[in-house]
Amino acid sequence: MKFGDGNFCRNRIYYEDDRRYKKMKEIKIMLPSIEDVKKFNMIVTRYTGDVDLVSGRYVIDAKSIMGIFSLDLGKEINVQIHGDAPEKLAEELKEFCVK
């Protein structure tokens, strides 16, 4: 259904000019030491997009160092990178990747 200059969808109006398609990349990492957590957090904080850590049923903002420490760091953690250039951040996080 058309409404005005945009599309009407579930009580929201999306104008053609406002559509922005963001990319997402997912990688698996390990953060076995406190130093690794600090370094990871410093790298992620510089990124302008959203970065989430997923461990089991928990989803944590990767820019929150307190949130990172609330996870079980003995297990693999999935990192979901959202934004315009997720590949660039994934490359910077390569040292933490599970092989």
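Our structure is the block above this text.
So, a few notes on the structure that sits alongside this text. (Residues numbered from 1 in each chain as written. Predicted model: local features only at pLDDT ≥ 70, side-chain atom pairs only at ≥ 80, totals over all residues. Heavy atoms only, no water.)

Over its 13 residues, helix H1 (residues 34-46) extends 19 Å from the first C-alpha to the last, a length consistent with the 18 Å expected when each residue adds 1.5 Å. Residues of H1 that are buried: Val37, Phe40, Asn41, Ile43 and Val44. The buried residues of H1 occupy an angular sector of 165° when projected down its axis, which confines them to one face. In H1, the exposed positions that point more than 90 degrees away from the buried face belong to Ile34, Glu35, Met42 and Arg46. Buried residues along H1 sit against strand S4 (23-29), strand S5 (51-55), helix H2 (65-69), strand S7 (77-83) and helix H3 (86-92). (Helix = DSSP H or I, 4+ residues; strand = E, 2+ residues; numbered from the N terminus. Expected span 1.5 Å × (residues − 1). Buried < 20%, exposed > 50% of the residue type's maximum accessible area, 1.4 Å probe, protein only. Arc of directions from axis to C-beta. Contact = heavy atoms within 4.5 Å.)

Judged from the four bridges that link them, S5 and strand S6 (residues 58-61) form a sheet pairing that is antiparallel. Residue pairing in the sheet places Val54 in a bridge with Val59 of S6. Connecting the antiparallel pair S5 and S6 is a turn made up of two residues, with Gly56 showing a positive phi of about 65°. (Pairing = 2+ DSSP bridges.)

Looking now at the pattern of salt bridges. Applying the stated criterion across every chain, the model contains five salt bridges. Where Glu95 meets Lys39, a salt bridge forms, and the shortest distance between an N and an O atom there is 3.1 Å. Note that Glu95 is positioned in the segment after H3 and Lys39 in helix H1, a separation of 56 residues in sequence. The class for Lys39 is partly exposed, based on a relative accessible area of 40%. The partner of Lys94 in a salt bridge is Glu91, and the shortest N-O contact between them spans 3.5 Å. (Salt bridge = Lys/Arg side-chain N within 4 Å of Asp/Glu carboxyl O.)

The four strands are arranged S4-S7-S5-S6 in an open sheet whose pairing can be described as antiparallel. This sheet does not close on itself; its edge strands, each paired only once, are S4 and S6. Taking the axes of each pair of neighbouring strands and ignoring which way they run, one obtains an average angle of 25° across the sheet. (Axes fitted to C-alpha atoms, helices over the stretch in contact; angles between N-to-C directions.)

Now for the nonpolar core. Judged by nonpolar contacts, the single largest core of 22 residues is most densely connected at Leu31, Phe40, Leu53 and Leu93. If you list the elements that add at least two residues to this core, you get S4, H1, S5, S7 and H3. Considering each element in turn, this core owes the most residues, four residues, to H1. Dropping the residues within four chain positions of it, Leu93 is found in contact with Ile27, Phe40, Ile43, Val44 and Ile81. (Core = buried A, V, L, I, M, F, W, Y, C linked by side-chain atoms within 4.5 Å.)

This brings us to the packing of aromatic side chains. As enumerated under the stated definition, the model contains one aromatic pair in all. For the pair Phe40 and Phe96, a centre-to-centre distance of 5.8 Å together with 85° between the ring planes defines the contact as edge-to-face. Of this pair, Phe40 sits in helix H1 while Phe96 sits in the segment after H3, and the two are 56 residues apart along the sequence. On the basis of relative accessible area, Phe96 is assigned to the buried category, the value being 4%. (Phe/Tyr/Trp six-rings, centres within 6.5 Å; stacked < 30°, edge-to-face > 60°.)

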